[in-house]
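Listed here are the chains, written in short residue letters.
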Amino acid sequence: MEAAGAIVVGTLAMHELGTDVSGCNPRRGSPKNWYNTSYYTGGSSSGAGSALSAGLIPIAIGTDAGGSIRIPSAFCGTYGLKPTLHRTHTMNSSICVIGPLAATAADLAVAYRSMTAPNPDDAIQSAFAPSIPPSPSAKKTLGVCREWIDRASPVVRDAILKATTYFVEHHSYDLVDIQIPYLQEGQWAHGGWALSEALDHLKTRLRGQYSSLNHHNKIIYAISSCTSAADMLKYSQMRALLMEHLAFLFKKHPGLLIITPTAPEVGWKVHPGDEAYGVVDSNLTLRMMMYIWLANSTGCPAVSAPVGYGEPEQGEGKLPIGMMAMGEWGAEEQLLSWAVEAEQYLNAALEGGRSRPKEWADIIGLASEVDAESS
């Protein structure tokens, strides 16, 4: 990205070691969700979501092994792309990828295209075909697994269904009902796989010195150590089964994008004491990861875009609602085109249009004022 002209401003905070999706980090401080500071940004790329929602930067880079790009994008009203496995960089992981978060769909496309330029030093990444936008005449299909979507809270489900109607009526999408097997078992398998990989990486990086970790991470890594080799084999079999089923769906429905909410709830509430001790709520974590895990488990690309806002249960400020589309392996450009259409819906079709946080900073305007004063 630097070779393409990007200017790196700095590094951003995140959930410690990327082990959860709230964004809480009691050791270094949790970034603020500027839409409503009584809610977390989502994680693990929490600082990215915060800085983008505040208007401080147009693009950030995150990693995503379990929604760490897409969940903060949803909670902070921005755009986030989880690419195909190894599409931007060959990772020492079977589920984790590097991808962009951005303030607009156009910025997301700029970031993705610069990140995926062939790298001659990376044999796997450079073997991917060039990124080419889909033909305007290409068939477009939205796949809905209704029993899956119905598990979201009513306000989130309604926002997704309203946006879906817009895509069908204004952008010529066909709508098809699909089934995805083993939704619960598949998520459990992904969670076990993610924790096992995280523990392996931790052992490599810290050489078993866990005393420096926060309390909540000590709990999580203690759980990670309980996964057996037999369990990992079953996780792998589940992964293969789901990939075969998705391949069947993508062949049956050309141009298929599988749509869901990005997260089933409108935000993750901050509670007193979180900043002192951290927070572990595995039931809530699994619920927040209800939709994002499939793309990680199978290696498919997925994008999150804001499509509405919900009322908070605490604090001041409405909270963004994210919608996710997951495509076939290598279908990032199709997803980016969908994100542009989602942005059109947010800006022009949704009542009230896109909302900015109260504390949003107009960086360009402030810079222009400084230039005017200096001249």
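Higher on the page you've got the structure.
Residues numbered from 1 in each chain as written. Predicted model: local features only at pLDDT ≥ 70, side-chain atom pairs only at ≥ 80, totals over all residues. Heavy atoms only, no water.

**Details of the packing of helix α5 (residues 154-171) against helix α12 (residues 332-349)**
Step number 1: Contact geometry of α5 with α12 gives a least axis separation of 11 Å together with a crossing angle of 105°. One element, α5, and the other, α12, form an angle in the roughly perpendicular class. The residues of α12 that touch α5, namely those facing K162, A163, Y166, F167 and H171, are W338, E341, A342, Q344, Y345 and A349. (Axes fitted to C-alpha atoms, helices over the stretch in contact; angles between N-to-C directions. Helix = DSSP H or I, 4+ residues; strand = E, 2+ residues; numbered from the N terminus. Parallel < 35°, antiparallel > 145°, perpendicular 65-115°, else oblique. Contact = heavy atoms within 4.5 Å.)

**Concerning the pairing of strand β4 (residues 141-144)**
Step number 1: Of the two faces of β4, the one lined by T141 and G143 and the one lined by L142 and V144 are each fully buried.
Step number 2: By the bridge criterion, 4 bridges tie β4 to strand β5 (residues 174-177) in an arrangement that is parallel. Following the sheet pairing, L142 is matched in β5 by L175. (Buried < 20%, exposed > 50% of the residue type's maximum accessible area, 1.4 Å probe, protein only. Pairing = 2+ DSSP bridges.)

**Notes on the sheet that holds β5**
Step number 1: Pairing in this open sheet of 8 strands is mixed, and the strands run β1-β3-β2-β7-β8-β6-β4-β5 from one edge to the other. Edge positions in the open sheet fall to β1 (59-64) and β5, since each of these has one partner strand only. Each strand of the sheet is rotated relative to its neighbour by a mean of 30°, with strand direction disregarded.
Step number 2: The pairing of strand β2 (residues 79-82) with strand β7 (residues 302-310) spans 3 bridges and is classified as antiparallel. Its bridge partner being in β7, G80 is matched across the sheet by S304.
Step number 3: Of the strands in this sheet, β4, β5, β6 (256-261), β7 and β8 (319-326) touch α5, which is tilted by about 55° from β8.

**Re the packing of aromatic side chains**
Step number 1: As enumerated under the stated definition, the model contains 7 aromatic pairs in all.
Step number 2: Between W148 and Y291, the aromatic rings sit 5.4 Å apart at their centres with planes inclined by 50°, giving tilted as the arrangement. Placement of the pair is W148 in helix α4 (residues 146-149) and Y291 in the loop between α10 (282-288) and α11 (293-298), with a sequence separation of 143 residues. There is no split in this pair, since W148 and Y291 are both buried.
Step number 3: Ring centres of Y166 and Y345 lie 5.0 Å apart, and the angle between their planes is 50°; this geometry places the pair in the tilted category. Here the residue Y166 occupies a position in helix α5, and Y345 occupies one in helix α12, the gap between them amounting to 179 residues. In this structure, Y166 and Y345 share a single accessibility class: buried.
Step number 4: Among the aromatic side chains, those forming a connected cluster through ring pairs are Y166, F167, Y173, W338 and Y345.
Step number 5: For the cation-ring pair, R239 lies above W193, with the distance from its terminal atom to the ring centre recorded as 5.6 Å. (Phe/Tyr/Trp six-rings, centres within 6.5 Å; stacked < 30°, edge-to-face > 60°. Lys NZ or Arg CZ within 6 Å of the ring centre and 35° of its normal.)

**Points about the environment of T90**
Step number 1: Its place among the elements puts T90 in the loop between β2 and β3 (97-102).
Step number 2: Beyond its immediate stretch of four places on either side in the chain, T90 contacts D122, I124 and Q125.
Step number 3: Side-chain polar atoms of T90 contact the side chain of D122, separated by 2.5 Å. (Polar contact = N/O pair within 3.5 Å; in protein donor to acceptor, adjacent residues only side chain to side chain.)

**Some remarks on unusual backbone geometry**
Step number 1: G43 connects to S44 through a cis peptide bond whose omega is 10°.
Step number 2: Relative to the helices and strands, S44 resides in the segment before α1 (46-53).
Step number 3: In this model, L17 sits at a positive phi of 60°, which is unusual for a non-glycine residue.
Step number 4: You can see L17 is positioned in the segment before α1.
Step number 5: If you check the backbone angles, S172 has positive phi at about 60° while not being a glycine.

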